[in-house]
Amino acid sequence: AQTVTQSQPEMSVQEAETVTLSCTYDTSESDYYLFWYKQPPSRQMILVIRQEAYKQQNATENRFSVNFQKAAKSFSLKISDSQLGDAAMYFCAQTGYGGATNKLIFGTGTLLAVQP
Amino acid sequence: DTGVSQDPRHKITKRGQNVTFRCDPISEHNRLYWYRQTLGQGPEFLTYFQNEAQLEKSRLLSDRFSAERPKGSFSTLEIQRTEQGDSAMYLCASTWLPNTGELFFGEGSRLTVL
């Protein structure tokens, strides 16, 4: 069974600083995708960053980057130069590769506060 | 804006009443998903459609829940004889195949059962 664990219910960061959100997962699939989604208050969930498990290189999207450790089944998100607009709930998620179902399995989320 | 839209955004109902939510996916998307999200939790998968065919249902989807996607476009999620435990945010998402695994979410329909 696929599981996703986020052990940090809440995190706080100062504006312009760097913060890392943790995520571990478990899966029996050999190929899969990992995601970080952002859910601002009362707004829809949007994709922050995606990692294909077969790629060794860590994904990067502007100020967002991941540290993907496949053997450890760890997938952390680093937010650099934090901005007030980064305040949101962040969900780590995984799905099987190849679109068999694309059924995303989510963690419980980390609520990120950004202090001015 | 041609994103995923959901209606209504908020619904307050009394226990025992039936409610229906509608989801309009992004037009070229052939996959549509329903998720449920309770306070402080991540979204939980309920069901998904490939065009008009419902291909998987979670065990969370009791027999009081029914979902349809009659013409492979919009979808409805009906909850019959609502219970207080049904209070949650119901999220719809869509995507297309073949794809990169990303789902595109609507803003959700929040249900409060009194």
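Preceding block: the structure.
Keep in mind that what you see is a predicted model, and the values were worked out from it rather than measured.

S.K.: How should the packing of aromatic side chains be read in this particular structure?
M.R.: For any pair of aromatic rings, geometry is given as the distance between the ring centres together with the angle between the planes. Applying the stated criterion across every chain yields a total of 17 aromatic pairs over all chains. Taking the centre distance of 6.0 Å and the plane angle of 45 degrees together, the rings of A:Y33 and A:F35 count as tilted. Looking at A:Y33, the relative accessible area reads 5%, which means it is buried. A:F35 gets classed as buried once you look at its relative accessible area, which sits at 0%. For B:R22, the ring lying beneath its charged end belongs to B:F74, and the centroid distance is 3.9 Å.

S.K.: Help me understand the sheet that holds strand β1 (residues 5-7) of chain B in this model?
M.R.: Strand pairing in a sheet takes place through backbone hydrogen bonds and is either antiparallel or parallel in direction. All names here are of chain B. Within the open sheet, the four strands sit side by side as β1-β3-β8-β7. Their pairing is antiparallel. Since the sheet does not close on itself, it has two edges, and those belong to β1 and β7 (65-68), each with one partner. On average, adjacent strands in this sheet sit at an angle of 15 degrees to one another, irrespective of strand direction.

S.K.: Any chance you could explain the side chain of A:K38 here in plain terms?
M.R.: All names here are of chain A. Within the secondary structure layout, K38 lies in strand β5 (residues 32-39). Of the side chains with opposite charge, D86 comes closest to the buried, unpaired K38, at an N-O distance of 4.4 Å. At 2.7 Å, the side chain of K38 and the backbone oxygen of G85 are in polar contact. The residues touching K38, leaving out its near neighbours within four places in the chain, are Q44, M45, I46, V48, G85, D86, A88, M89 and Y90.

What counts as what
- Counting restarts for each chain: residues are numbered from 1 in the order of the written sequence.
- Key to labels: chains lettered from A, ligands numbered from 1, both in the order written.
- Local features in a predicted model are, by the rule used here, given only for residues with pLDDT of at least 70; side-chain atom pairs are given and counted only at 80 or more, and totals for whole chains, interfaces and linings are based on all residues.
- To get the side-chain values, all heavy atoms of the structure are used, and hydrogens and water are removed first.
- The aromatic pairing rule takes the rings of Phe, Tyr and Trp, using the six-membered ring of Trp, and pairs them if the centres are within 6.5 Å, calling planes under 30 degrees apart stacked, those over 60 edge-to-face and the rest tilted.
- In this scheme, a residue with accessible area under 20% of its type's maximum is buried, one over 50% is exposed, and one in between is partly exposed, where area comes from a 1.4 Å probe on protein chains only.
- Any Lys NZ or Arg CZ found within 6 Å of a ring centre and within 35 degrees of that ring's normal is scored as a charge over the ring.
- DSSP-based pairing: two strands are paired if at least 2 bridges between them are found.
- A run of DSSP states H or I qualifies as a helix once it reaches four residues; a run of E qualifies as a strand once it reaches two. Both are numbered from the N-terminal end.
- Between N-to-C directions, angles cover 0 to 180 degrees, with each direction set by a line fitted to C-alpha atoms, over the stretch in contact for helices.
- Think of it this way: Lys and Arg go in the positive column, Asp and Glu in the negative one, and His and the chain ends go nowhere.
- We define a salt bridge as a contact between a side-chain nitrogen of Lys or Arg and a carboxyl oxygen of Asp or Glu at a distance within 4 Å.
- Within 3.5 Å is the distance limit for a polar contact, defined as a pair of N or O atoms, with the added protein rule that one can donate a hydrogen and the other accept it, and that residues adjacent in sequence qualify only through two side-chain atoms.
- Here, two residues are considered to be in contact whenever any of their heavy atoms come within 4.5 Å of each other.

Note that every value here comes from positions in space, so none of it alone points to a role or purpose.
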